[in-house]
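So you can see what is in the structure, the chains are spelled out below.
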Amino acid sequence: FRDAYARQWNVNYQRSLGTNYMAEVAYVGSQGRQMVIKVDINQARPVVGVSDANANRPFIGLAPAVRGLSQSQSIGKVNYNGLLLKFQRRFANNFSFLNSYTLGKSMDYASDNEAGITNNQDLEYNWGPSDYDVRHTLSSSWIYELPWARAHFYGGWQLGGILYLRAGLPLTVTHTQGVASTGTGNRPNQICDARLDNPTIDRWFDLSCFAPITEPTGTYGDTRRGSIRGPGSFNIDASLIKNTRFGGVETEFRIEAFN
């Protein structure tokens, strides 16, 4: 067993555009190696024609009553690559904004080291998008101070807003029929891209793109982990702020609305 370690690197480029604007582009990468994952060392190998999962367990002769035997191993890995874009305007002429976009990708064997691995004989079968992988993220914030009657007590009004858009998290399609010779779960075969142009809560992906496994004893389906995506999120926060000075005391009255 070895300690986990990480490598991280990044490069970014900033450039001023005129007096008030700045653009930035950045690449961020990281790798985690020797990460802890839980492996069932008593899981049988898949054998076509064998329907008893206990027949081929590695320790069945030593301990016939033992089924699953979990062991923490330092064999996990995780990769992340991200492209970050930013465009901002510094506060000038009563107005400022900050826009940022991230295109990211995180991959691993298991995002939860307590979850275990579906096919312990082939780690690559579980390689896929991390459970927390968000491919696209966009955020935009802005502030505008109304120049109207700024020097009077009835002035001092400010408008603000934050927009946040995020793509969905990965989902894995599973098969009700497990692998009989291993006693594990299974996935179907995927024969096409399951994304729909207009998904609904009742039909989020194309069911016809998945075919059941016809050989149930020793065959794993080829559907990849995290091959479809769940719904994204949309959030907007708007605010109206009134700043008023009474002598040496400043007060702020705020109204906020958000979905």
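Residues numbered from 1 in each chain as written. Predicted model: local features only at pLDDT ≥ 70, side-chain atom pairs only at ≥ 80, totals over all residues. Heavy atoms only, no water.

Okay, the nonpolar core next. Of all hydrophobic cores here, the largest spans 7 residues; its members are Ile37, Val39, Met107, Tyr109, Ala110, Ile117 and Trp127. Residues in contact with tyrosine 109, not counting those within four places in the same chain, are Ile75, Gly76, Lys77, Ile117, Leu123, Glu124, Asn126, Trp127 and Arg225. Core analysis: the second largest hydrophobic core is formed by 5 residues, Val173, Cys209, Phe210 and Ile228 among them. (Core = buried A, V, L, I, M, F, W, Y, C linked by side-chain atoms within 4.5 Å. Buried < 20%, exposed > 50% of the residue type's maximum accessible area, 1.4 Å probe, protein only. Contact = heavy atoms within 4.5 Å.)

The geometry of an aromatic ring pair is captured by two quantities: the separation of the ring centres and the angle between the planes. On inspection of all chains with the given rule, the structure shows 9 aromatic pairs. For the pair tyrosine 21 and phenylalanine 97, a centre-to-centre distance of 6.1 Å together with 45° between the ring planes defines the contact as tilted. Pair noted here: tyrosine 21 is in strand S2 (residues 21-40) and phenylalanine 97 is in strand S4 (residues 95-108), with a separation of 76 residues, a long-range link. Note on tyrosine 21: relative accessible area 31%, which makes it partly exposed. Take phenylalanine 97: its relative accessible area is 15%, and that puts it in the buried class. Site record: aromatic cluster; members linked through ring pairs are Tyr21, Phe87, Phe95, Phe97 and Tyr144. For the cation-ring pair, lysine 77 lies above tryptophan 127, with the distance from its terminal atom to the ring centre recorded as 4.8 Å. Here the basic side chain of arginine 187 rests over the ring of tyrosine 125, its NZ or CZ set 4.2 Å away from the ring centre. (Phe/Tyr/Trp six-rings, centres within 6.5 Å; stacked < 30°, edge-to-face > 60°. Helix = DSSP H or I, 4+ residues; strand = E, 2+ residues; numbered from the N terminus. Lys NZ or Arg CZ within 6 Å of the ring centre and 35° of its normal.)

Per the counting criterion, the structure on display carries 10 salt bridges. Aspartate 206 is paired through a salt bridge with arginine 203; the nearest N and O atoms lie 3.6 Å apart. For aspartate 206, a relative accessible area of 17% corresponds to the buried category. The partly exposed category is assigned to arginine 203, whose relative accessible area is 41%. For arginine 245, the salt bridge goes to glutamate 250, with nearest N and O atoms at 2.4 Å. Given a relative accessible area of 59%, glutamate 250 falls into the exposed group. One network of salt bridges, with partners in common, ties together Asp108, Asp131 and Arg225. (Salt bridge = Lys/Arg side-chain N within 4 Å of Asp/Glu carboxyl O.)

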